[in-house]
Structures are given as structure tokens and as C-alpha cells.
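Chain by chain, the residues:
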Amino acid sequence: MSEDQRVRRCAAVSLQPHERMSLDFTALLTGGEAVRIEHVWQATAAHLEQAIEIDAAMVDALGRISDSRWASRADVAARIGEDRMRALIDAGLVLTEGGESLADRHDQQLRDMQWHPLAAIAHRYSRWSAVDSVASQNDSRIHSTADLIGEFGPPPAHLHTRRDARDRTPLPRPSASGLDELMARRATCRNFDVDRELANGDLAALLHRTFGVQGSDELAPGAVALKKNHPSGGGLHPLEAYLIVQRVEDLEPGLYHYNVQAHALDRLRGLSVEAAHTLARTAVAGQDYFADAAVLLVVAARFARSFWKYRKHPKIYRAIVLESGHASQNLYLAATELGLGAFITAAINELEIERAFNLDPMQEGVLAVCGFGPRALHRTTVELDPQGAVWDEAGRLR
């Protein structure tokens, strides 16, 4: 260890009291309290993949180290003790100047990208890996809405009226239009035709209408504003589209990136039909009805694009997540107009998707997975279609 080494606290960490429970078998056999509860602190840091348990003394020590200014390790160790200093460095909660560890690099990356600390923690720790949501539900005792009500009671009222309103002004119903007809047929698809390919032209149209550039304007040298078909915080449009292609006319199954500038697909890796479907099912956490779509589209965000303007801003992460919803609605409508089915889901295994597309979660993070393709001719999985615009009473595609 260099005597002039300098240290500082990590950029983004949340500390929470946590109860760890264990069984005391000796107490159980002697009639005592069998459940032992130990109170510990849990440190959740945005540059680390897992939360870390630390004791109260380490919490106190961590709070006495600056997160913005480098300080002499010897001086800090004199205040908090060498053992605690070494434990905090080993845990990745205290970083060393010029350090080359993974924790050092990831912490510096967060600082350079201007992440808001709480948003960075939320993004890092809301990601899934190896989750099969369908299997988990099947293993639970809750399989239907009736089961939910039995377990939790009735849901909050489906419609809301303010009791403190002073009066009411009736509004006229709009005249029916083509948009109304289109939106009536817009429904989340859970029944895709696994024997039909998506037409190449339909794929091109969907991508261009959902993520394509409709116009641009150079605001200053090197700063170009894009016009797309959905709003974006600051007009910065950080979203990227990555595709798991399963069945598309004249296109090899595999992984692709939609190159907006060229309006083209850049192939990242070819896959067999079986491998593509396995990845698709993993991506959507075991939701087989979604995994059957001809194309799964991963919505990712290049965070630096938005953080360039909104540095450590408490609202910009929320704006980026909202934007993914705007884009998905456009995808739904564009697919519906073409007679295709579409879906979006947040029940996804981000870590497996990141590995497949070689994405760094804090630089180009996965937000959701959409999918689209030809609908099946017969409905086998329940869909919400109360107007009967998609399926007839016998479950046949209209």
C-alpha cells in the first residue's frame, strides 16, 4: 500500500436497516425463542451488482468519508481505523485514486455519465436475471383474479370520482373517426402465428414509424435535434431498438440493431431458430405467448444522450422511461394498421438481454421488450378485447 494513496466514498449508495432471520435449533429444542433476528445494515451501491451487509461501525465510518474529494488514506484510516478502511475498500464502497478494480471503473463511469444517485440505484437493482415469471405464478397459490381477491381483497375501484368536486360539466362524445376504429383494434397480442413470417416491408415500416427520424435540425455545431413520432425529454431521443429476429421474410434469425441514420438493420450475430426462440423466451421471463412473436424488440436507452443536458437531474430517468411508453404506443398503432399483433412487457430478464447484445446497463440500459408479428387465426390464450374488435365470439380472428 502506498503511503500517499488517496481514497473517497463511492458516488451513489443507499443504506437501509435490514433484519436477518435464522433458526436457533438449541433454543427450539429447549423451548426458547427459535427465531433469531439480527439487525444489520444493507448498503446498495449503484456501481455494484449486489447489496452488501455492513455493521453500524462501518456505516458510521462511511459517513465520515467524502464522496467528492480525494483524501489521504492514512488520514482517513486514522479517523475510522485501518480495519474498517480495508473492509470498506474490499466491499467496493470506498475507492482508491487511480484504482483499476471493477468497482473503481464502474464508480468513475457513473460520475462521468452524470447519473442522479437514486435513479442509478433504482436502475441497477430493478433488473432481473433468470426469472421465469410464468413458472413462479404457477408455483404460487394465485392463478386467477378470483384468487387475487381471495388473497388481497377486492382491488381499488376501477373508476374514480372526486367526492369534493363542486359541480360537473358534461362533455360531448367525439364523432367516430378512422383513429377510433384503429384504436379499437389496438390490443395486446398473446396469440402469434408461429408458422408465418413477418413481411420485410412491414418490419421496415414499423421501425421507421416507431423509431425512425422524420426530420432533423442542427441547433449548433455538433448538436442535432431529431424529429421522431413521439416526444422526448429535451428533444434528445436516447432510445435505441435492438431486435431478436425469429421469422422475417429474407432475414436470417439472429440479433440486430436498428441503424436509424441508414434506416437499416445491422446484424450483430446470427442464431439458429431454436437459439433465437430460447433467447426470446428468456428475455420475456418465460411468457411463452410473447416469445412466439416474429420479432422481439428490446427498447434500450443511451443514457449519456439525455444526461448530457440533464446532469444528475432527479427527473430525467423518469422522462426516459416515459418515452419508452410513448414509443411502444406508436408501435402498437403502426402494427394494428398493418393487421399485426403487438405487445410490450416490463417482465424481462435484463441481465441476459444485456449479455446477448453486449450492453453495459449503466450506459445503454434495457427498459422494456416489445414484440410484433402476424396474429394467430385462432385465440388460445386470453386477450383483453371487450369490444370484440379482434376476435369473434368463437375466438376466431376477425
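Residues numbered from 1 in each chain as written. Predicted model: local features only at pLDDT ≥ 70, side-chain atom pairs only at ≥ 80, totals over all residues. Heavy atoms only, no water.

Our focus in this paragraph is the pattern of salt bridges. For the structure shown, the criterion picks out 24 salt bridges. Ionic pairing is found between Arg86 and Asp83, a salt bridge with its closest N-O pair at 3.5 Å. Of this pair, Arg86 and Asp83 both sit in helix H4 (residues 82–91), three residues apart, which is roughly one turn of that helix. Ionic pairing is found between Arg209 and Glu337, a salt bridge with its closest N-O pair at 3.4 Å. Of the two residues, Arg209 is situated in helix H10 (residues 200–211) and Glu337 in helix H14 (residues 316–337); the sequence distance between them amounts to 128 residues. Arg209 gets classed as partly exposed once you look at its relative accessible area, which sits at 37%. Residue Glu337 is classed as exposed on the basis of its relative accessible area, which comes to 52%. The structure contains a network of salt bridges with shared partners spanning Glu49, Arg124, Arg127 and Glu354. (Salt bridge = Lys/Arg side-chain N within 4 Å of Asp/Glu carboxyl O. Helix = DSSP H or I, 4+ residues; strand = E, 2+ residues; numbered from the N terminus. Buried < 20%, exposed > 50% of the residue type's maximum accessible area, 1.4 Å probe, protein only.)

For His263, which is not glycine, the phi dihedral falls at a positive 45°. As for its position among the elements, His263 is in the loop between strand S10 (254–259) and strand S11 (264–270). Judged by relative accessible area, which is 36%, His263 ranks as partly exposed. Look at Asn358: it is not a glycine, yet its phi comes out positive at around 55°. What makes Asn358 exposed here is its relative accessible area of 71%.

This brings us to the packing of aromatic side chains. Counted according to the given criterion, the structure contains nine aromatic pairs. Here the aromatic rings of Trp115 and Tyr317 are separated by 5.9 Å at their centres, their planes lie at 45°, and the arrangement is tilted. Highlighted residues: Trp115 in the loop between helix H5 (102–113) and helix H6 (117–125) and Tyr317 in helix H14, separated in sequence by 202 residues. Judged by relative accessible area, which is 3%, Trp115 ranks as buried. The class for Tyr317 is buried, based on a relative accessible area of 16%. Between Phe290 and Phe343 the ring centres are 4.0 Å apart and the planes differ by 10°, which places this aromatic pair in the stacked class. With a gap of 53 residues between them, Phe290 in helix H12 (residues 288–291) and Phe343 in strand S13 (residues 340–345) connect regions that are remote in the sequence. Note on Phe290: relative accessible area 3%, which makes it buried. These aromatic residues form a ring-pair network of at least three members: Trp115, Phe303, Phe307 and Tyr317. Sitting over the face of the ring of Tyr332, Arg186 holds its NZ or CZ atom 4.0 Å from the ring centroid. (Phe/Tyr/Trp six-rings, centres within 6.5 Å; stacked < 30°, edge-to-face > 60°. Lys NZ or Arg CZ within 6 Å of the ring centre and 35° of its normal.)

Examined against the element boundaries, His18 turns out to sit in strand S2 (residues 13–23). Look past the residues within four positions of His18 in its chain and what remains in contact with it is Glu38, His39, Val40, Gln42 and Glu53. (Contact = heavy atoms within 4.5 Å.)

So, on to the nonpolar core. Of all hydrophobic cores here, the largest spans 67 residues; its most connected members are Trp115, Leu243, Leu297, Phe343, Phe357 and Phe372. If one sorts the elements of this core by residue count, H14 sits on top with eight residues. Excluding anything up to four places from it in sequence, Phe372 contacts Phe192, Leu198, Leu203, Leu206, Ala293, Ala294, Val295, Leu297, Leu331, Gly341 and Ala342. Counting residues in hydrophobic clusters, the runner-up holds 22 residues, among them Ile52, Leu62, Ala77 and Leu95. (Core = buried A, V, L, I, M, F, W, Y, C linked by side-chain atoms within 4.5 Å.)

So, on to the environment of Glu38. Positionally, Glu38 belongs in strand S3 (residues 35–45). Judged by relative accessible area, which is 40%, Glu38 ranks as partly exposed. Separated by 20 residues in the primary sequence, Glu38 and His18 have C-alpha atoms spaced 8.3 Å apart. A distance of 2.5 Å separates a polar atom in the side chain of Glu38 from a polar atom in the side chain of Arg20. (Polar contact = N/O pair within 3.5 Å; in protein donor to acceptor, adjacent residues only side chain to side chain.)

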